[in-house]
Amino acid sequence: VISQFPPPQIAVDNGFGGVYGHQKADWLVDVVQQYFHDNDDLQQYEVEDFIAQLMDQEFDTVVDDGSLPQVSGSLLQLFGQYQQGALQQLRHAVDALSQKTGQRAKVTAPPAESEQESDAEAQTMECDSSGPSGSRTQAPPPPPPQDEEDGWTVVRRGK
């Protein structure tokens, strides 16, 4: 179930895990499996929190697409079947999940807000920088950075 969980796949596809993203995704599966074996009577919110923490630490990704409750519930259900020895049901559920994985579409993350703002500012600046005669007007240069008493340099955003 965790290997079919979209957020790690999206994170790996978009390089959020760094050069070792694929290894981190494989590691994530092992760590979640070990978490279930090491903890008795897990609650869904505990599994959600654990996976969310791993995604944040390893992929710098916050999962807010509503999939955490779904995958956590599925993991709890499958692990319960495993503990009860209901291997036939477990095998059927895993096969059903494997078929869904084959149908997964390529999904990419939208650009971060800062990238969207930069793009919007660049487009705005391109539009504003040329007047009706086609000449460009120069904006005044930004003020130089100011050194504060404690050694920090204050950087202000240009307008």
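Here the structure is shown first, and the text comes after it.
Description of the structure in this document. Nothing here was measured: the structure is a model prediction, and the numbers come from that model. (Residues numbered from 1 in each chain as written. Predicted model: local features only at pLDDT ≥ 70, side-chain atom pairs only at ≥ 80, totals over all residues. Heavy atoms only, no water.)

## Let's talk about the overall build of the protein chain
- Scanning the protein chain from N- to C-terminus turns up six helices and two strands.
- Mapped in sequence order, the helices and strands of the protein chain form the string α-α-α-α-α-α-β-β.
- Looking at the 159 residues of the protein chain, the share that counts as buried comes to 24%.
- For the protein chain, the accessible area works out to roughly 11900 Å², and carbon and sulfur atoms hold 50% of it. (Helix = DSSP H or I, 4+ residues; strand = E, 2+ residues; numbered from the N terminus. Buried < 20%, exposed > 50% of the residue type's maximum accessible area, 1.4 Å probe, protein only. Areas by Shrake-Rupley, 256 points an atom, 1.4 Å probe, with all protein chains shown as cover.)

## Things to note about the pattern of salt bridges
- Throughout the structure, instances matching the rule amount to one salt bridge.
- We note a salt bridge from Lys24 to Glu58, for which the minimum N-O separation is 4.0 Å. Of this pair, Lys24 sits in helix α2 (residues 21–38) while Glu58 sits in helix α3 (residues 44–59), and the two are 34 residues apart along the sequence. (Salt bridge = Lys/Arg side-chain N within 4 Å of Asp/Glu carboxyl O.)

## Description of the environment of Gly17
- The residue Gly17 is located in the loop between α1 (6–13) and α2 in this model.
- Taking the C-alpha atoms as reference points, Gly17 and Gln57, 40 residues apart in sequence, are found 9.5 Å from one another.
- Ignoring anything within four residues of it in the chain, the contact list for Gly17 reads Ala11, Lys24, Glu58 and Phe59. (Contact = heavy atoms within 4.5 Å.)

## With respect to the packing of α2 against α3
- Here α2 crosses α3 at 155°, and the two axes come no closer than 11 Å. In terms of orientation, α2 lies roughly antiparallel with respect to α3. α3 is crossed by α2, and the crossing has right-handed handedness. Contact with α2, carried on its side by Gly21, Lys24, Ala25, Trp27, Leu28, Val31, Val32, Tyr35 and Phe36, involves Glu46, Val47, Phe50, Ile51, Leu54, Met55, Glu58 and Phe59 of α3 and no other residues of that element.
- Looking at the contact of α2 with α3, its residues break down into 13 nonpolar, one polar and three charged. (Axes fitted to C-alpha atoms, helices over the stretch in contact; angles between N-to-C directions. Parallel < 35°, antiparallel > 145°, perpendicular 65-115°, else oblique. Left-handed = near helix turned anticlockwise from the far one by under 90°. Nonpolar A, V, L, I, M, F, W, Y, C, P; charged D, E, K, R; others polar.)

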